[in-house]
Amino acid sequence: MKFSDVKENTWIRYKENVYYVSQVHHDYIDAMSLHYETIEIPDVAFLTNNIELVELQNHNVGDMVLYVGTHQDMPQTVEIIEYSTGFPLQYYVQTLDKEMSTWTTAFDITSINY
């Protein structure tokens, strides 16, 4: 992947970690890890590292999905209530009984295939 190919609100793999690209500047990007650590990746890093775009499954508001994240009290089947860009926690999910909800990443949910 070239630096010029990087787009905001996407995910990349850099040095064996996954990062959310929050901003693209002239000669570096701001990126956030799944642990909410923010780093700057300079354009020259794209010349010396194997940086790849991470393709994620897309979900829509109203989709029923399986929650596989770290909230142990959250039931597995949840509904996507809201979608937002600009931050790694892009999906707002809610339990079917509407008693629990949380913002989560695309890595924490998976489609239900009937």
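Here the structure is shown first, and the text comes after it.
Conventions adopted
- Residues take numbers from 1 onward in each chain, read along the sequence in its written order.
- At least 70 in pLDDT is required for a residue's local features to be given in this predicted model, at least 80 for side-chain atom pairs to be given and counted, and no such filter applies to totals for whole chains, interfaces and linings, which use all residues.
- Hydrogens are left out, water is left out, and the side-chain values use all remaining heavy atoms of the structure.
- A run of H or I in DSSP counts as a helix once it spans at least four residues, and a run of E counts as a strand once it spans at least two, with each numbered from the N terminus.
- For every residue, the accessible area obtained with a 1.4 Å probe (protein chains only) is divided by the maximum for its type, and the residue is called buried under 20%, exposed over 50%, and partly exposed between those limits.
- We call two strands paired when DSSP finds no fewer than two bridges between them.
- Any pair of residues with heavy atoms lying within 4.5 Å of one another is described as a contacting pair.
- Here a polar contact is taken to be a pair of N or O atoms separated by no more than 3.5 Å, where protein atoms must pair a possible hydrogen donor with a possible acceptor and residues adjacent in sequence count only if both atoms sit in side chains.
- Under this scheme, a helix contributes an axis fitted over its contacting stretch, all axes are lines through C-alpha atoms, and angles between N-to-C directions fall in the 0 to 180 degree range.

So, unusual backbone geometry
With glycine set apart, most residues show a phi of negative sign, and most peptide bonds adopt trans.
Thinking step 1. A positive phi angle, close to 50°, is found at Lys15, a residue other than glycine.
Thinking step 2. Structurally, Lys15 is set in the loop between strand S1 (10–14) and strand S2 (17–24).
Thinking step 3. Residue Lys15 is classed as exposed on the basis of its relative accessible area, which comes to 55%.
Thinking step 4. Even without glycine at this site, Lys98 takes up a positive phi of about 65°.
Thinking step 5. One can find Lys98 in the loop between strand S8 (91–95) and strand S9 (101–104).

Remarks on the pairing of strand S6 (residues 64–67)
Thinking step 1. The alternating pattern of S6 places Val65 and Tyr67 on a buried face and Met64 and Leu66 on a face that is not buried.
Thinking step 2. Where S6 lies against strand S7 (residues 77–83), three bridges are found, and the strand directions are antiparallel. Along S7, the bridge assignment pairs Val65 with Val78.
Thinking step 3. In terms of strand pairing, S6 meets strand S10 (residues 109–111) through three bridges, oriented antiparallel. In the sheet register, Val65 faces S10, and the bridge partner there is Ser111.

Considering the environment of Asn9
Thinking step 1. If you trace the backbone, Asn9 turns up in the segment before S1.
Thinking step 2. For the pair Asn9 and Tyr28, spaced 19 residues apart in the sequence, the C-alpha separation amounts to 15 Å.
Thinking step 3. The contact partners of Asn9, leaving out residues within four places of it in the chain, are Tyr20, Val21, Thr85, Gly86 and Gln90.
Thinking step 4. Of the polar contacts made by the side chain of Asn9, one reaches the side chain of Tyr20; its length is 2.5 Å.

So, the sheet that holds strand S3 (residues 28–33)
Thinking step 1. One open sheet accounts for five strands, arranged S4-S3-S2-S1-S5; its pairing is antiparallel. Both outer strands of the open sheet, strand S4 (38–42) and strand S5 (52–54), are each paired with one neighbouring strand and no more. The mean inter-strand angle of the sheet, taken between neighbouring strand axes irrespective of direction, is 45°.
Thinking step 2. Both S1 and S5 contribute to a ladder of three bridges, which runs antiparallel. From the neighbouring strand, Trp11 faces S5, where its bridge partner is Val54.

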